[in-house]
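Descriptive analysis of the structure
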Amino acid sequence: MGRWRPDARARLQEAALTLYGERGYEKTTVAEIAERAGLTKRTFFRYFADKREVLFWGSELLEQRMVAAIEAAPASTSALGLIGAALDAAAVRFEEVREFAGLRHRIIAASPELRERELIKAMSLTAAVTRALRARGLDDTAAALAAHTGATVMHVAFEQWVDDPSRTPFQQIARDSLAQLREIASTG
């Protein structure tokens, strides 16, 4: 078995997604994933803590990019402008993994355990964005409101994007969603 081939992580992810799609997440074992990838179970655990992490690996990169976009925005940027910058950064990451994102979304939607894990990851991302907004000078309430609003816009845009037959870029959907939010807020 080619345990140390450089594409082991990708092979494990592909095998897991295929098996989750065929059998369901709950009925798939780590041993089956490793075997399908042509690797050992031990190799699987070098890359992933458990079979859930195959679906959540890389979420730190999304968080880092969104926080970096907030940090790099001009000083005069409004709270929603900072959220827009973070969403633009998310768009780049989502487009890099578009095919994976669609499969991942369907697998997570079919599993209560995975939906719970997805919520935990979303809360972690929201907390990181809140901290970044505080570091930009927003008070606690404004930072929390903006971060949670951004998480909601991202969720709504993602749901549209992942199932969009015309393959509209995430950035466009997110920007349109944020514009609709601004319109809703201004009419209140």
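Overview of the structure. No experiment lies behind these values; they were computed from the predicted model shown.

The rules behind these values
- Residues numbered from 1 in each chain as written.
- Predicted model: local features only at pLDDT ≥ 70, side-chain atom pairs only at ≥ 80, totals over all residues.
- Heavy atoms only, no water.
- Salt bridge = Lys/Arg side-chain N within 4 Å of Asp/Glu carboxyl O.
- Helix = DSSP H or I, 4+ residues; strand = E, 2+ residues; numbered from the N terminus.
- Buried < 20%, exposed > 50% of the residue type's maximum accessible area, 1.4 Å probe, protein only.
- Lys, Arg positive; Asp, Glu negative; His and termini not counted.
- Polar contact = N/O pair within 3.5 Å; in protein donor to acceptor, adjacent residues only side chain to side chain.
- Contact = heavy atoms within 4.5 Å.
- Axes fitted to C-alpha atoms, helices over the stretch in contact; angles between N-to-C directions.
- Parallel < 35°, antiparallel > 145°, perpendicular 65-115°, else oblique.
- Left-handed = near helix turned anticlockwise from the far one by under 90°.
- Nonpolar A, V, L, I, M, F, W, Y, C, P; charged D, E, K, R; others polar.

One pass over the full model with this rule turns up 13 salt bridges. Across the salt bridge formed by Arg 36 and Glu 22, the nearest N and O atoms sit 3.1 Å from each other. Pair noted here: Arg 36 is in helix 2 (residues 30-37) and Glu 22 is in helix 1 (residues 8-23), with a separation of 14 residues, a long-range link. Relative accessible area serves as the criterion here: at 41%, Arg 36 is assigned to the partly exposed category.

For Asp 164, the position within the fold is in the loop between helix 9 (140-162) and helix 10 (170-186). Arg 98 provides the closest opposite charge to the buried, salt-bridge-free Asp 164, at an N-O distance of 4.9 Å. Within polar-contact distance, the side chain of Asp 164 engages the side chain of Ser 166 at 2.9 Å. With residues up to four places along the chain from it excluded, the contact list for Asp 164 reads Arg 98 and Ile 173.

Before going further, it helps to spend a moment on the packing of helix 9 against helix 10. Running from amino to carboxyl end, helix 9 crosses helix 10 at an angle of 130 degrees, the nearest separation of the two axes being 9 Å. By the angle between their axes, helix 9 is oblique relative to helix 10. Crossing handedness for the pair helix 9 and helix 10: right-handed. Between helix 9 and helix 10, the contacting residues are Thr 149, Val 153, Met 154, Val 156, Ala 157, Phe 158, Gln 160 and Trp 161 on the first element and Phe 170, Ile 173, Ala 174, Ser 177, Leu 178 and Leu 181 on the second. Considered class by class, the residues forming the contact of helix 9 with helix 10 number 11 nonpolar, three polar and no charged.

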